[in-house]
Amino acid sequence: MNTDIILILLVLTNLRLLGAGRLGASVRTVAVQGVLLGVLALLTHHDNLTVAVLLVALSGMILKGVVFPWLLFRALREAEVEREVEPFVGPILSLLAGVAALSGSLWLARRLPLPESPGSSLLVAVALFSILVGLFLIITRKKAISQVLGFLVMENGIYAFGVGLVLESPLLVELSVLLDVFVAVFVMGIIIFHISREFDHIDTHELTNLKD
Amino acid sequence: MIWLLILVPMLAGIAAFGVRNNPARRALLVASAAAHSGLTVAAWFWMPSPVLNGWFALDGLGLLFLSITSALFLPVSVYAVSYLRRESSGRIQDIEEGFLFDNAPEATFTACLLLFLAAMTLVTVSQHVGLLWVAVEATTLASAPLIYFHRHHRSLEATWKYLLICSVGIALALLGNFVLAVAASSTPGSEPIPMVFGNLITHATRLHVPWLKAAFLLILVGYGTKMGLAPLHTWLPDAHSESPSVISALLSGALLNCAFLGIIRTQQICVAAGLGDFSRELLVGFGLISMVVAAVFIVGQNDFKRMLAYSSVEHMGILSLGIGLGGVGVFGALLHAVNHSLTKAMLFLVAGNILGAYHTKSTTEVRGVLRALPVSGVMWLAGLLAIIGSPPFGPFLSELTILKASLDHGRTIVAIIYLALLAVIFIGMTTVALRMTQGETTKAPQRESLIAILPPALLGVGILLLGLYIPPVLNNLLHETARALGGL
Amino acid sequence: MNFISFIQPLLAPLQAGLALMLSPLLLGVINRTKAAFAGRNGQPVLQLYFDLWKLLHKGAVYSRTTTWVFRAGPIIGLAAVLLATMFVPLGGLRSTVSFTGDLVLLAYLLGLMRFFTVLAALDTGSSFEGMGASREVAFSALAEPALLLGLAALARQSGSLSLSSIYSSLSFDAWLEAGPMLALVVAVLMVVFLAENARIPVDDPNTHLELTMIHEVMVLDHSGPDFAFILYGAALKLWVLGALLAGLIIPIRTGNPWLDGGACLMGMFVIAMIVGIVESSMARLRLLCVPQLLVGAGALAVVALILSLR
């Protein structure tokens with residue numbers, strides 16, 4: 001039941017991202033998602049809470065809730081861009097697409113029954129939903145920072161999937177996702193800085209020089 | 001020995017950051033490459049034993065891809081020395097748009113190059129699903145600064161696309177790993193299957209089928225993005241055309257293979273679990289789509305480095321097609337991996353020579369290479385003939401084997417499409433090859449430095465040899481590996 | 001208890017009478033809360049009653065460009081919302097009339113009221129009213145699905161299609177069992193409440209600039225008894241939607257009609273105060289952002305429905 005509340009809050013954060021109009025709000029929402037995922041990790045492992053698991057969950061929460069937003073806000077400030085999201089697909093259509101994605105994920109989750117269900121059956125659906133929302137954000141947002149946020153949301157979905165399924169080596173799961181996200185955000189942050197310096201904007205829609 | 005294979009390039013790479021002297025650093029690069037090649041050759045004779053509970057092991061498949069990587073890296077590192085010497089002279093004028101830009105510091109280049117080698121080695125020796133993923137992720141990170149060597153907006157655009165698309169692909173592959181773990185999760189009463197490929201293959205019948213299917217699909221799409229299968233290939237032409245030729249050679253010749261390795265290993269699990277038909281169909285489908293996309297974009301291509309990049313897409317499609325057809329096609333695909341890597345590396349290095357002399361990447365403006373750069377011209381023509389599959393070069397044999405596989409299994413439609421696309425690409429690239437090499441040019445014949453000619457020449461000789469005679473050692477390895485993969 | 005079984009058959013008309021008498025009080029509570037926030041004393045709580053009395057004794061003025069639609073609008077609107085009041089349960093108490101599917105009828109009665117208000121506004125031929133009408137219709141086109149989907153989620157949860165049965169089953173246990181879903185429906189109903197009753201953040205009831213009005217501008221031309229009907233209808237609409245919301249938020253279902261009804265009534269006044277607080281602390285949303293808010297509520301309603309379907 002507790003995991004249900006966290007999962008629904010995750011769904012709400014994803015919907016908020018789809019409808020958000022400002023970059024600052026989006027960054028904060030992704031930070032909240034990171035913290036929620038840390039709580040989810042702790043809840044699913046609550047019967048065998050070793051120090052390692054605790055440490056990884058806490059470090060995950062600090063990384064995603066504090067460090068990444070700080071990095072992203074710094075990139076935003078240095079890039080000196082307008083703080084609007086500027087999507088290709090407006091907020092209403094994005095919200096409707098999100099609802100469609102949620103229905104699709106629930107349908108798919110029903111077709112993939114977990115061999116042993118430790119958490120709730122809602123978990124696979126919400127994880128899939130987060131991944132789809134992340135992909136949608138990457139495709140439909142113009143600014144490079146929004147694409148990084150979409151990537152983070154996608155990774156959050158994968159993390160939720162891995163964490164909630166009580167796999168044999170949970171630490172490997174969490175560590176690999178953390179590695180992926182940390183380095184990606186770090187490297188992408190550097191590239192965004194270069195892009196803003198080179199192009200005077202971070203609109204990846206304008207990066208159309210190389211084509212056939 | 002496996003530790004040495006990984007640690008030598010990794011430590012050399014870290015050390016390269018600290019070396020101040022340019023010539024010393026270049027010497028370090030070549031020395032590490034030579035040491036790595038030496039270790040690889042040694043591994044052929046004394047097979048190293050598995051390390052760390054089976055997580056690191058060098059099986060036949062790994063040895064094959066490791067040898068390709070190493071055989072490529074040594075000539076490329078030698079060529080890189082001349083390239084760095086040429087490029088390290090302050091601000092450079094851009095060839096296409098005329099602005100001034102500078103390069104990344106040479107230390108970054110050399111260090112990332114060595115770390116890239118270390119990461120690719122790690123991919124070939126990984127037997128654990130998670131470790132393989134980490135290694136592929138490491139290759140992405142190590143190669144991104146290499147693509148952004150020339151600091152201008154086009155290469156930045158290429159780097160951004162590369163980073164974003166490959167990261168998304170690798171994230172999907174990570175999800176595939178988790179789904180695979182769910183497929184392998186234990187039912188109460190049985191032992192958990194460790195996530196090592198060998199164990200997964202032996203216990204393949206115990207895996208839950210729908211999850212295994214989902215896992216294969218995700219891993220195919222995820223690693224396929226890194227490999228350059230259409231429609232996930234969109235980063236490839238940009239990255240391979242904007243990066244320095246040295247890096248393009250490595251990316252096309254070695255990195256794409258490493259991503260392919262991940263797919264092959266997962267396909268082994270599917271075949272062992274009885275889902276062979278499912279996985280083979282997907283592989284054939286992706287292979288044909290890649291070839292179609294490549295054929296469409298090769299014809300009428302204006303930029304010869306982009307043409308080579310699309311040719312990589314085509315050959316990755318052929319590899320996928322070969323594995324997907326099964327039977328003798330697996331042998332053909334593995335042989336083709338060797339052939340394609342050597343040929344493509346040679347072509348990119350020669351392209352670097354041409355670019356350096358003509359200062360343009362346009363296929364219409366470059367004329368008379370045979371007159372201006374005699375040796376490079378011959379190699380360019382030979383290489384292009386090789387890559388489109390004409391005898392007596394290596395790729396002809398491997399492509400023919402794959403054709404035979406498709407006819408063996410009675411898939412005539414696939415064979416017809418395959419031949420038609422090869423023909424289209426043949427026409428497209430021959431036009432370019434003949435136009436570029438022949439004709440008059442205002443450029444006087446130039447002296448070509450030995451370091452710039454020798455590496456591609458060696459690779460070219462290798463390709464010619466492979467077309468005429470496959471050494472028994474290689475033949476045995478290929479047969480063994482193909483048998484292990486369920487073919488033959 | 002003997003007293004309760006004696007009261008039982010009278011509860012239904014008692015409840016209807018309560019609605020008819022107390023609904024203008026809600027508006028008074030809202031206004032007093034806003035005044036308190038602003039540091040003023042504000043209107044008396046019974047102000048709307050005085051206004052209605054005054055208006056009923058006045059004469060109406062009709063423009064020469066209007067037809068019978070203009071005169072019929074307020075009357076039909078009031079009739080519709082009076083009928084709707086009959087279907088709304090007060091917390092655990094059954095409504096005056098209830099049958100399967102009455103929630104759909106409720107939504108359509110509200111729609112009917114809106115339709116005739118809009119028609120009357122268009123009938124005047126003035127551009128201000130037309131503008132208000134188009135905005136109102138645009139917003140309610142987005143708010144109605146949210147309302148229906150939210151009610152559908154509740155219906156699925158409780159297993160019946162009658163508002164009274166739904167609300168009598170929304171006890172504390174229901175909240176323990178399906179808390180998140182019910183919380184989502186509360187959010188949806190709150191947004192619909194604010195949108196349908198033309199409150200901030202959807203519409204500002206205190207604005208005097210016609211270009212910024214949505215609901216008030218539609219009723220600009222009515223006067224006398226017609227305007228009294230409109231004001232009273234608006235108060236009843238407040239009651240209807242407020243009862244839906246309060247019944248959901250206050251899960252007290254002890255079986256004692258006084259306790260249940262009293263608790264729900266308390267809840268409605270609390271909601272009125274919350275509306276007053278919201279009106280005092282926020283400005284109205286930009287007109288382009290209102291559809292986003294409503295679609296967001298719709299999305300939440302769909303999520304709630306999906307959760308209830310599991």
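Residues numbered from 1 in each chain as written. Chains lettered and ligands numbered in written order. Predicted model: local features only at pLDDT ≥ 70, side-chain atom pairs only at ≥ 80, totals over all residues. Heavy atoms only, no water.

## Quick notes on the overall build of chain C
Worth spelling out the cut-off: In this text, helices come from DSSP runs of H or I with a minimum length of four residues, and strands from runs of E with a minimum of two, each type numbered from the N-terminal end. Our radius of gyration is a C-alpha quantity, and the globule rule it is checked against amounts to 2.2 Å times the number of residues to the power 0.38. Working definition: with a 1.4 Å probe on protein chains only, accessible area under 20% of the residue-type maximum means buried, over 50% means exposed, and in between means partly exposed. Residues counted as positive are Lys and Arg, residues counted as negative are Asp and Glu, and His and the chain ends are not counted. Working definition for charges: the position is that of NZ of Lys, CZ of Arg, CG of Asp or CD of Glu.
Looking only at helices and strands, chain C features ten helices and zero strands. In sequence order, the secondary structure elements of chain C are arranged as α-α-α-α-α-α-α-α-α-α. The globule rule puts the C-alpha radius of gyration for 310 residues at 19 Å, and the 19 Å found for chain C is close to it. Within chain C, buried positions represent 55% of all 310 residues. Between the mean site of the 17 positive side-chain charges and the mean site of the 17 negative ones, chain C shows a separation of 3 Å.

## A word on the overall build of chain A
As a reminder, the rule being used: The contact rule is simple, with two residues in contact once any of their heavy atoms fall within 4.5 Å.
Check the secondary structure of chain A and you find seven helices and zero strands. When the elements of chain A are put in sequence order from the N terminus, they spell out α-α-α-α-α-α-α. Taking all 212 residues of chain A together, 57% fall into the buried category. Residue pairs at least 24 apart in sequence account for 76% of intrachain contacts in chain A once pairs closer than 6 positions are excluded.

## Considering the confidence of the model for chain A
Basically, it comes down to this: Known as pLDDT, the predictor's confidence for each residue is given on a scale from 0 to 100.
Per-residue confidence for chain A gives a mean pLDDT of 81; residues scoring 70 or more make up 90%. Within chain A, no element has a lower average pLDDT than helix α7 (residues 170-199) of chain A, which sits at 75, and none a higher one than helix α5 (residues 122-140) of chain A, at 91.

## Quick notes on the pattern of salt bridges
Rules: By definition here, a salt bridge exists when the distance from a side-chain nitrogen of Lys or Arg to a carboxyl oxygen of Asp or Glu is within 4 Å.
Within the structure shown, the criterion is met by 17 salt bridges over all chains. We note a salt bridge from Glu106 of chain B to Arg26 of chain B, for which the minimum N-O separation is 3.1 Å. With Glu106 of chain B in helix α4 (residues 106-125) and Arg26 of chain B in helix α2 (residues 22-45), the pair connects residues that are 80 residues apart, well separated along the chain. The class of Glu106 of chain B is buried, set by a relative accessible area of 10%. For Arg26 of chain B, a relative accessible area of 8% translates into the label buried. Put simply, Glu196 of chain C and Arg114 of chain C hold a salt bridge, and the shortest N to O gap is 3.0 Å.

## Here's the deal with the interface of chain A and chain C
For clarity, the threshold we go by: Defined here as a combined quantity, buried area equals the accessible surface (1.4 Å probe) lost by two parts on assembly, summed across both. Pairing of N or O atoms within 3.5 Å defines a polar contact, subject to two protein rules: one partner must be a possible hydrogen donor and the other a possible acceptor, and residues neighboring in sequence count only if both atoms are side-chain atoms. Lys, Arg, Asp and Glu make up the charged group, whereas Ala, Val, Leu, Ile, Met, Phe, Trp, Tyr, Cys and Pro make up the nonpolar group; the residues left over, Gly among them, are polar.
Each side of the interface is counted separately: chain A has 18 residues, and chain C has 15 residues. Both faces combined, the contact of chain A with chain C buries some 1,300 Å², and carbon together with sulfur accounts for 84% of it. Here chain A is connected to chain C by zero salt bridges. The tally of links between chain A and chain C comes to zero residue pairs in polar contact (both at pLDDT 80 or more). Those elements giving two or more residues to the side of chain A that touches chain C turn out to be α1 (2-19) and α4 (91-111) of chain A. The leading source of residues in the side of chain A that touches chain C is α4 of chain A, at eight residues. Here the residues of the side of chain A that touches chain C sort into 14 nonpolar, three polar and one charged.

## Section: the nonpolar core
Keep this limit in mind: The definition of a nonpolar core used throughout is a set of buried Ala, Val, Leu, Ile, Met, Phe, Trp, Tyr and Cys residues joined through side-chain atoms within 4.5 Å.
By size, the foremost hydrophobic cluster in this structure holds 336 residues, and its most contacted members are Phe161 of chain A together with Trp160, Ile354 and Trp380 of chain B. Among the elements that line this core, the one with the most residues is helix α6 (residues 153-183) of chain B, at 20 residues. Excluding residues within four positions of it along the chain, Ile354 of chain B makes contact with Phe304, His359, Val366, Val369, Leu373, Trp380 and Met436 of chain B. Listed in part, the six residues of the second largest apolar core include Ala121, Met218, Val219 and Ile230 of chain C.

## Focus on the packing of aromatic side chains
Condition: Aromatic pairs are defined between Phe, Tyr and Trp rings, using the six-membered ring for Trp, whenever the two ring centres lie within 6.5 Å; interplanar angles under 30 degrees are classed as stacked, those over 60 as edge-to-face, and all others as tilted. Both a distance and an angle decide whether a charge sits over a ring: NZ of Lys or CZ of Arg must be within 6 Å of the ring centre and within 35 degrees of the ring normal.
Tallied over the entire structure, the rule returns 13 aromatic pairs over all chains. Consider the rings of Phe304 of chain B and Trp380 of chain B, whose centres lie 5.6 Å apart with planes at 75°: the pair is edge-to-face. Remark: Trp380 of chain B occurs in helix α15 (residues 374-387) and Phe304 of chain B occurs in helix α12 (residues 304-325); sequence separation between them is 76 residues. Since its relative accessible area comes to 0%, Trp380 of chain B is described here as buried. Among the aromatic residues, those joined into a ring-pair cluster are Tyr83, Phe109 and Phe149 of chain B. Between Lys64 of chain A and the ring centre of Tyr159 of chain A, over which it is positioned, the NZ or CZ distance is 3.9 Å. The cationic tip of Arg71 of chain C hangs over the ring face of Tyr62 of chain C; the distance from NZ or CZ to the ring centre is 4.4 Å.

## Observations regarding helix α2 (residues 47-56) of chain C
Stated formally: Starting at the helix axis, one direction is taken to each C-beta atom, and the arc is that of these directions.
Every buried residue of α2 of chain C is listed here: Leu48, Leu52 and Leu55 of chain C. Around the axis of α2 of chain C, the buried residues are gathered within 70° of arc, so they sit on the same side.

## Thoughts on the environment of Leu259 of chain C
All names here are of chain C. The topology assignment puts Leu259 in helix α9 (residues 257-281). Overall, Leu259 belongs to the partly exposed group, its relative accessible area being 48%. As a C-alpha pair, Leu259 and Val104 span 155 residues in sequence and 28 Å in three-dimensional space.

## A word on the interface of chain B and chain A
On the side of chain A, 42 residues touch chain B, which itself brings 40 residues to the contact. Across the chain B to chain A interface the summed buried area is about 3,600 Å²; carbon plus sulfur atoms make up 77%. Its largest share of buried area at the contact with chain A, chain B owes to Trp160, Phe178 and Trp211 of chain B, together 21% of the area lost on that side. On inspection of chain B and its partner chain A, the count reaches zero salt bridges. Linking chain B with chain A are one residue pair in polar contact (both at pLDDT 80 or more). Mapped by element, the contributors of at least two residues to the side of chain B that touches chain A are α5 (129-147), α6, α8 (209-227), α9 (235-242) and α12 of chain B. The class makeup of the residues in the side of chain B that touches chain A is 23 nonpolar, nine polar and eight charged.

## Concerning the arrangement of the chains
The protein chains that touch form two pairs of chains, and the pair with the most contacts between them is chains A and B. Structurally, chain B and chain C remain out of contact, their C-alpha atoms never closer than 22 Å.

## Looking at a nonpolar patch on the surface
Residues and elements named next belong to chain B. Defined as follows: Think of a patch as exposed residues, more than 30% relative accessible area, with no salt bridge, where like charges cluster within 9 Å and nonpolar side chains (Val, Leu, Ile, Met, Phe, Trp, Tyr) cluster within 5 Å. Here the Shrake-Rupley method, with its probe set to 1.4 Å, supplies the accessible areas, and only the displayed protein chains count as covering residues.
A cluster of nonpolar side chains, Trp3, Leu7, Met10, Leu11, Ile14 and Leu52, forms an exposed patch at the surface whose accessible area comes to about 550 Å². Topologically, Met10 is positioned in helix α1 (residues 2-18). Judged by relative accessible area, which is 32%, Met10 ranks as partly exposed.

## Remarks on unusual backbone geometry
A cis amide bond links Ala230 of chain B to the next residue, Pro231 of chain B, at an omega of 0°. Its location among the elements puts Pro231 of chain B in the loop between α8 and α9. One non-glycine residue, His359 of chain B, lies in the positive phi region at around 60°. Tracing the backbone shows His359 of chain B in the loop between α13 (328-358) and α14 (369-372). Of note in the backbone geometry, Ala198 of chain C takes a positive phi value of approximately 55° without being a glycine. Within the secondary structure layout, Ala198 of chain C lies in the loop between α7 (172-196) and α8 (224-249).

## Focus on the environment of Ile318 of chain B
Residues and elements named next belong to chain B. Here Ile318 shows up in helix α12. With 214 residues separating them in the primary sequence, Ile318 and Ala104 have C-alpha atoms 35 Å apart. Other than its neighbours up to four places away in sequence, Ile318 contacts Met291, His336, Glu399, Ile402, Tyr418 and Leu422.

## Observations regarding α2 of chain B
Residues and elements named next belong to chain B. Inclusion rule: An expected span of 1.5 Å times one less than the residue number is assigned to each helix.
With 24 residues, α2 ought to run about 34 Å at 1.5 Å a step, and its terminal C-alpha atoms sit 36 Å apart, in line with that. Here α2 has its buried residues at Arg25, Arg26, Leu29, Ser32, Ala33, His36, Ser37, Leu39, Thr40, Ala42 and Ala43. Looking at the packing, one finds that the buried side of α2 touches α1, α3 (60-87) and α4.

## Considering the confidence of the model for chain C
All names here are of chain C. For chain C, the average pLDDT comes to 89, and 97% of its residues sit at 70 or higher. In the model of chain C, helix α1 (residues 2-38) stands out as the element of lowest mean pLDDT, 85, in contrast to α2, which has the highest, 94. The ipTM, which scores confidence in the relative placement of chains, is 0.89 for this predicted complex, and the corresponding pTM is 0.86.

## With respect to the side chain of His340 of chain B
By the secondary structure assignment, His340 of chain B is in helix α13. Setting aside residues no more than four positions away along its own chain, His340 of chain B makes contact with Ser252, Ser312, His315, Met316 and Ile387 of chain B.

## Quick word on the state of the cysteines
Residues and elements named next belong to chain B. Short version of the rule: In this description, a disulfide is simply a cysteine sulfur pair whose atoms lie within 2.5 Å.
Applying the stated rule across the entire model yields zero disulfides over all chains. The structure places no disulfide on Cys258, whose sulfur is separated from the nearest cysteine sulfur, that of Cys166, by 13 Å. Assessed through its relative accessible area of 1%, Cys258 is described here as buried.

## Quick word on the packing of helix α4 (residues 102-123) of chain C against α8 of chain C
Residue and element names in this part refer to chain C. Stated precisely, the cut-off is as follows: Only the stretch in contact is used when fitting a helix axis, every axis being a line fitted to C-alpha atoms; angles between N-to-C directions are given from 0 to 180 degrees. By the definition adopted for this analysis, an angle is roughly parallel if under 35 degrees, roughly antiparallel if over 145, roughly perpendicular if from 65 to 115, and oblique otherwise. Each helix crossing is assigned a hand: it is left-handed if the near helix lies turned anticlockwise from the far helix by less than a right angle, otherwise right-handed if that turn is clockwise.
α8 packs onto α4 with a crossing angle of 155° between their chain directions and a minimal axis gap of 12 Å. The orientation of α4 with respect to α8, classified from their angle, is roughly antiparallel. The handedness of the crossing between α4 and α8 is left-handed. Judged by residue contacts, Leu106, Leu110 and Met113 of α4 engage Gly233, Ala234, Lys237, Val240, Leu241 and Leu244 from α8. For the contact of α4 with α8, the per-class residue count stands at seven nonpolar, one polar and one charged.

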